[in-house]
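Reading the structure
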2 protein chains.
Amino acid sequence: MDPTGTPAPGTDVCDTPEHVGAVGHALFRVARAHRVAAARLLREIGLYPGQEIMLGHLAEHGDARQSRLVAELGLDASTVTKSLQRLERQGLVERRPDPGDRRVSVVALTAQGRDLQDRIEDSWRRLDALTCEGFTDTDRTALTALLHRLERNLASCEED
Amino acid sequence: MDPTGTPAPGTDVCDTPEHVGAVGHALFRVARAHRVAAARLLREIGLYPGQEIMLGHLAEHGDARQSRLVAELGLDASTVTKSLQRLERQGLVERRPDPGDRRVSVVALTAQGRDLQDRIEDSWRRLDALTCEGFTDTDRTALTALLHRLERNLASCEED
DNA sequence: TAGCAACAGTTGGTCGACCAATGATATTAT
DNA sequence: ATAATATCATTGGTCGACCAACTGTTGCTA
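These notes cover the structure that comes with them. What you see is a predicted model; the values in this text were computed from it and never measured. (Residues numbered from 1 in each chain as written. Chains lettered and ligands numbered in written order. Predicted model: local features only at pLDDT ≥ 70, side-chain atom pairs only at ≥ 80, totals over all residues. Heavy atoms only, no water.)

**Examining the interface of chain A and chain B**
Between chain A and chain B, the residue contacts involve 61 residues of the former and 63 residues of the latter. Both sides of the chain A and chain B interface together cover about 6100 Å² of buried area, and 66% of this is carbon and sulfur. One can count four salt bridges joining chain A with chain B. The salt bridge partner of Asp139(A) is Arg149(B), with a shortest N-O separation of 3.2 Å. Joining chain A to chain B, the criterion identifies 19 residue pairs in polar contact (both at pLDDT 80 or more). Of all the secondary-structure elements, those providing two or more residues to the side of chain A that touches chain B are α1 (22–43), α2 (51–61), α3 (66–73), α5 (111–131) and α6 (137–156) of chain A. Among the elements that take part in the side of chain A that touches chain B, α1(A) stands out by supplying 16 residues, more than any other. In terms of residue class, the side of chain A that touches chain B is made up of 29 nonpolar, 14 polar and 18 charged. (Contact = heavy atoms within 4.5 Å. Buried area = accessible area lost by both parts, 1.4 Å probe. Salt bridge = Lys/Arg side-chain N within 4 Å of Asp/Glu carboxyl O. Polar contact = N/O pair within 3.5 Å; in protein donor to acceptor, adjacent residues only side chain to side chain. Helix = DSSP H or I, 4+ residues; strand = E, 2+ residues; numbered from the N terminus. Nonpolar A, V, L, I, M, F, W, Y, C, P; charged D, E, K, R; others polar.)

**Some details on the pairing of strand β3 (residues 105–109) of chain A**
Residue and element names in this part refer to chain A. As paired elements, strand β1 (residues 64–65) and β3 share two bridges and run antiparallel to each other. Following the sheet pairing, Arg 65 is matched in β3 by Val 106. Alignment of strand β2 (residues 93–97) against β3, held across five bridges, turns out to be antiparallel. Following the sheet pairing, Val 93 is matched in β3 by Leu 109. (Pairing = 2+ DSSP bridges.)

**Some words on the relation of the copies chain A and chain B**
The two copies are related by a screw motion: chain A maps onto chain B through a turn of 180° and a shift of 0.0 Å along the axis, at an RMSD of 0.0 Å. Such a combination of rotation and displacement between the chain copies is what one expects of a two-fold axis. Identified as the residue of chain A closest to the rotation axis by C-alpha distance is Ala31(A), at 3.0 Å. Looking at the interface residues of chain A, 93% of them are also at the interface in chain B, so both copies use one shared face. (Least-squares fit on C-alpha atoms with pLDDT ≥ 70 in both.)

**Re the side chain of Gln66(A)**
Residues and elements named next belong to chain A. Inspection of the secondary structure puts Gln 66 in helix α3. Under the relative-accessibility criterion, Gln 66 is labelled buried at 16%. The residues contacting Gln 66, other than those within four sequence positions of it, are Val 80, Thr 81, Leu 84, Arg 95, Ser 105 and Val 107. (Buried < 20%, exposed > 50% of the residue type's maximum accessible area, 1.4 Å probe, protein only.)

**Some thoughts on the protein's contact with DNA strand C**
Within the structure, DNA strand C sits among 27 residues, and Asp76(A), Ser78(A), Arg86(A), Ser67(B) and Lys82(B) are positioned closest to it. Put simply, 72% of the atoms of DNA strand C that lie within 4 Å of the protein are in sugar or phosphate. Here Arg102(A) contributes a backbone N or O atom positioned 2.9 Å from a phosphate oxygen of DNA strand C. Elements supplying a minimum of two residues to the surface near DNA strand C: α4 (77–89) of chain A together with α1 (22–43), α3 (66–73) and α4 (77–89) of chain B. For the surface near DNA strand C, the element with the most residues is α4(B), which contributes five residues. Taken together, the residues of the surface near DNA strand C sort by class into six nonpolar, 10 polar and 11 charged. (Near = heavy atom within 4 Å.)

**Considering the sheet that holds β1(A)**
All names here are of chain A. Taking strand neighbours across the sheet as the criterion, the three strands line up as β1-β3-β2 in an open arrangement whose pairing is antiparallel. The strands lining the two open edges of the sheet, one partner per strand, are β1 and β2. Packed onto the sheet, α2 meets β1, β2 and β3 and runs at close to 90° relative to β3. Sheet strands touched by α4: β2 and β3. Its angle to β2, the strand with the most contacts, is close to 115°. (Axes fitted to C-alpha atoms, helices over the stretch in contact; angles between N-to-C directions.)

**Comments concerning the sheet that holds strand β1 (residues 64–65) of chain B**
Strand order in this open sheet of three strands is β1-β3-β2 (chain B), and the pairing throughout is antiparallel. Whereas interior strands pair on both sides, the edge strands pair on one side only; in this sheet they are β1 and β2 (93–97) of chain B.

**Section: the environment of Thr81(B)**
All names here are of chain B. Its location among the elements puts Thr 81 in helix α4. C-alpha separation for the pair Thr 81 and Gln 66, spaced 15 residues apart in sequence, amounts to 7.7 Å. When residues no more than four places from it in sequence are discounted, the contact partners of Thr 81 are Gln 66 and Arg 95.

**Considering the nonpolar core**
In terms of nonpolar packing, the biggest core is built from 32 residues, with Leu143(A), Leu147(A), Leu150(A), Leu143(B) and Leu147(B) touching the most fellow members. Look past the residues within four positions of Leu150(A) in its chain and what remains in contact with it is Leu27(A), Val30(B), Thr131(B), Phe135(B) and Leu143(B). (Core = buried A, V, L, I, M, F, W, Y, C linked by side-chain atoms within 4.5 Å.)

Keep in mind these values describe shape, not function.
This is the structure in structure tokens:
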């Protein structure tokens, strides 16, 4: 109902009785659908959703110790460890001990991992195109801005 | 990565070269942060994120066979089965065989599950408030509309 | 009626994600 | 130097979510 617009400024979003947390619920559903769609695309290139983020980050920012990946991707350390173990098993990534600090291991893309990058970016492009079908540039800009604000709100409450 | 912001409304989102799938990536990050925040709130009432959706749905729509939950929540059947097993073990939900059709089992909230509903709704409200901090009603409306459009796009491509 | 397709749930496996606890190594304070 | 603390990564556990394969039922149809 009234999907595209004319939100009728008088209409209070919060009075839709169907859900108390309307935004949260919408976000939840969209995120799930998005993950499913991503999974289907990534499957074609033999990846699971989440792995492409790791590979993309490495391709873009170069080799990194795991703790950096943890910080920059905002993931739990154990998540990164296990994800990398799988990527390593698939031959897409390599972990070498840092000679300077024997605690750290440095992660690097293998040639095979690097080769995947084009297809990953293509998947991202297709997914975004599909997600934002019918969106004008203005819509996209608005959406991205709103999402960024949400992210900041959620991030700021994370440091309690 | 320009962590704090200055989203500078004029800035064209799509030309930031850092990410090919800007929308998808933003969505991914927001969704993850949102899930983390939800987890923290739900933890206070002894739930894991996702369970509250199930309980809320039952509270709102009444008893249901599992296949209905699958359809209406858009989840996989096995996800629902396992989630319900846990909720049942926690005494929040009850599953009784349908006398009319021996394949189906009907899911119902227990008294204990019903009692949780208020706190669940409170969590949702708090989470939404926290997520949308600083948002005007117009912002919320715009966001919800955009999310609904995304959902429709993603849903439509799901039936291939 | 016999047989087969469709439907309802379950189990087993994998992945992403988290938390908690642990073993190694570095850093720093004392 | 030694002890206390912090950091880096790993393991083990749980949950949500998926897919694939499987058991029972029900329904349809030949």
